[in-house]
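These are the residues of each chain, in order.
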Amino acid sequence: MDMSLQSVLQSRLAMAAERAGIDASRASVTPVTDIRFGDYQSNVAMVLSKELKKNPREVASSILSYLEVQDLCEPPTIAGAGFINFKVLNTALSDAVNAIRLDEQLGVVMAPHSKTIIIDFSSPNVAKPMHVGHIRSTILGDSLARISRHLGHRVITDNHIGDWGTQFGKVIYGWKHLLNREALEKGPIAELVRLYREVNALEENDPSLRETVRHELVKLQQGDPDNLKIWEQAVALSWKEFERLYGLLDITFDERLGESFYNDALAPLVERLLVDGTAEISEGAVCIFFKDNPALEEKPCLIRKGDGGFLYATTDLATLEYREKRWKPDSVWYVTGAPQQLHFEQVFAAGRRMGVKTDLSHIAFGSILGEDRKMMKTRSGENVELGGLLAEAIERALSVVAEKNPDLPKGEQEKIARMIGLGAVKYADLMQHRLTDYVFSWEKMLSFQGNTAPYLQNAYVRIRSIFRKGDSEGVNVSLSPIMISDPAERALALKILKFGETLHSVMEDQRPNLLCLYLYELADTFHHFYEACPILKSDGEIRSSRLALADLTAKVLQTGLSLLGIGVPERM
RNA sequence: GCACCCGUAGCUCAAUUGGAUAGAGCGCUUCCCUCCGAAGGAAGAGGUUGUGAGUUCGACCCUCGCCGGGUGCACCA
């Protein structure tokens, strides 16, 4: 499968335009906005009429006079201001859907140039629990990685965890004086957090302690063996808990190079930039100024503090250099929240100053809000922990499954509940435009109605149940060629053909919400088909054709959801 | 003060990147289970796309000015 129906029409149109002596490079064909106009439409004539200084309808008609598509559709028409409309023949539509059925990629065309893309996401902090703040980065980053890979790109996912912060002064002091071994084994991160808080409180009461705690941090940074050992254990214990959550979410990383990995590179990097004149000292700090960039003119990028310490940006630049050298990427995507935009503008500008040519993107996203429309927090004002949140999602899903399907064995109910609960959390996040803040609502994300994961999973389950039913009743459920004739079949077939294009449009702006929208429309279109066209109750070729169409729909649903990191159960 | 993001139906959000009469879900009003899962479907009400100009065949989308909300802005990450 190398050409979709849409792209065939597009290239025919381009050929016709060329013969008409018109620049054909921008000839594009898209699905119609309204079924009354046919199946596909093109607005080339209107786009080009401006520069040709001709009437758009005239341009359209001159293109049409050279257009040969009689094997694919009815004679194209000119409508409105100069749209060219296509109504695909049932035979051509049937052929196109049958081709997709036999294609492992379901009609998805590989990206013409495979790129190396590094995706930097999730990045929790050691000795702290993962919380809602990490949800979007983790889910969005994972989905983008899956989609990029599916389109044939070489993807490197890297979890740049915060394993080298100032918090370690407190953690180490606490470890030495206040550690509860038993608690550490039961819940490592909870115990590390307790140590951190307790030391914090002690410092409040006894400011003289502050110096001692700071000294523990300095010792760590200077390589003190005892402190290093404590640090290593804290990192390892934290990783264990992170991995449990990633396992639950079915998310993996190719690399896990945290901030500490770049420690040794920081001092030489700053020195080098000072020597070659990229950076300069200002008010005691080492800065990179951007005098040629009006937006950043007064926003220098600080890479070393007055006291000699390094900053967030320093590590990011060292990381960027390392990645350049090791992977020679075409793109690096940083999946972090919108508030960090200025920071990345500075880092990217500094990177370019250092000669980095790679395409660097900040894949920004909005915040998760509580029902009160303020940043989501617990009642006591703390961050909501991811582990607890996922557990609650599964628990809520389980009670729904147990209620609706009490006959299923307990073990299967739990398995299904995991898919529904985790799918709901992921989908609620991904279905929205990434830049808008979104309001977290259990009720909405777990609803079986509307644009939710459970609704889509249910559409899949419903199709599977047709086959189970057919099997049990001895109906022949073998699949034979799809023959499109009914309007509901046409609509479903056209929607299925749109799958590949949708994935490419997601990549244009890193927006999985377009895939969510597509899958929802697909499920919706299937339900129309399901109402209008009896499947098991029809006979012969029509039944096997409709079964095949339903089966193909299920495959696209399953594949699409898997690209969002969401699984489908066989029943629910 | 400056910069960035966002203002779309009562609520939560879309809109194929400048295309045809701005679409869904929730909620509301009516219908449809002797019929493949009603966990579904059909129909209806609901809009000056914050606001005022501009650009053009055509604007939710692009430009400029306002209004309202959020976030960030030199030694945290």
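Since the structure is predicted, the reported quantities are computational estimates derived from the model, not experimental observations.

> I keep staring at helix α19 (residues 499-509) and nothing clicks. Help me out?
Residues separated by three or four positions in an α-helix point in the same direction, a consequence of the helix having 3.6 residues per turn. Within the span of α19, buried status applies to F499, G500, T502, L503, V506 and M507. Buried residues of α19, seen end-on, are gathered within an arc of 160° and therefore sit on one face of the element. Looking at the buried side of α19, the elements it contacts are β5 (116-120), α5 (132-150), β10 (331-334), α18 (487-497), α20 (513-532) and α21 (540-563). One or two residues past the end of α19 sits Q510, with phi positive at roughly 50°.

> What's the story with empty space enclosed by the protein in this structure? I'm lost.
One simple way to see leftover space: roll a probe sized like a water molecule over the atoms. In total, this model carries 1 cavity of 30 Å³ or more according to the counting rule given. There is about 30 Å³ of room inside the largest cavity. Along its surface, the largest cavity is lined by H134, I135, T138, I139, L249, L386, L390 and V425. When residues of the lining of the largest cavity are assigned to their parent elements, the largest contribution, 4 residues, is made by α5. Its residues assigned to classes, the lining of the largest cavity comprises 6 nonpolar, 2 polar and no charged.

> Which parts of the structure should I look at to understand the sheet that holds strand β11 (residues 359-362)?
Through backbone hydrogen bonds, the strands of a sheet pair up, either in parallel or in antiparallel fashion. Strands sit in the order β6-β5-β10-β11 across an open sheet of 4 strands; the sheet is parallel. What marks the edges here is a single partner per strand, and that holds for β6 (154-158) and β11. The sheet shows a mean angle of 15° between the axes of neighbouring strands, taken without regard to direction. Bridging between β5 and β6 involves 5 bridges; their strand directions are parallel. Bridging across to β6, D120 finds its partner in D158. On top of the sheet, helix α12 (residues 312-327) reaches β5, β6, β10 and β11; it is set at about 150° to β5, its chief contact.

> How do you make sense of the layout of surface pockets when you look at a structure like this?
For the second largest pocket, the calculated volume is near 650 Å³. Along its surface, the second largest pocket is lined by 22 residues, and V32, I35, A491, L494 and K495 are the ones closest to its centre. Elements with a contribution of two residues or more to the lining of the second largest pocket: β1 (29-31), α18 and α20. Counting residues per element, the lining of the second largest pocket draws most heavily on α18, which supplies 6 residues. In the lining of the second largest pocket, the residues fall into 9 nonpolar, 5 polar and 8 charged.

Definitions and cut-offs
Residues numbered from 1 in each chain as written. Chains lettered and ligands numbered in written order. Predicted model: local features only at pLDDT ≥ 70, side-chain atom pairs only at ≥ 80, totals over all residues. Heavy atoms only, no water. Buried < 20%, exposed > 50% of the residue type's maximum accessible area, 1.4 Å probe, protein only. Helix = DSSP H or I, 4+ residues; strand = E, 2+ residues; numbered from the N terminus. Arc of directions from axis to C-beta. Contact = heavy atoms within 4.5 Å. 1 Å grid on protein atoms, 1.4 Å probe; cavity = no way out; pocket = protein on both sides within 12 Å on 5 of 7 lines; lining within 4 Å. Points joined across faces, edges and corners; volume = space filled by probe spheres on them. Nonpolar A, V, L, I, M, F, W, Y, C, P; charged D, E, K, R; others polar. Pairing = 2+ DSSP bridges. Axes fitted to C-alpha atoms, helices over the stretch in contact; angles between N-to-C directions.

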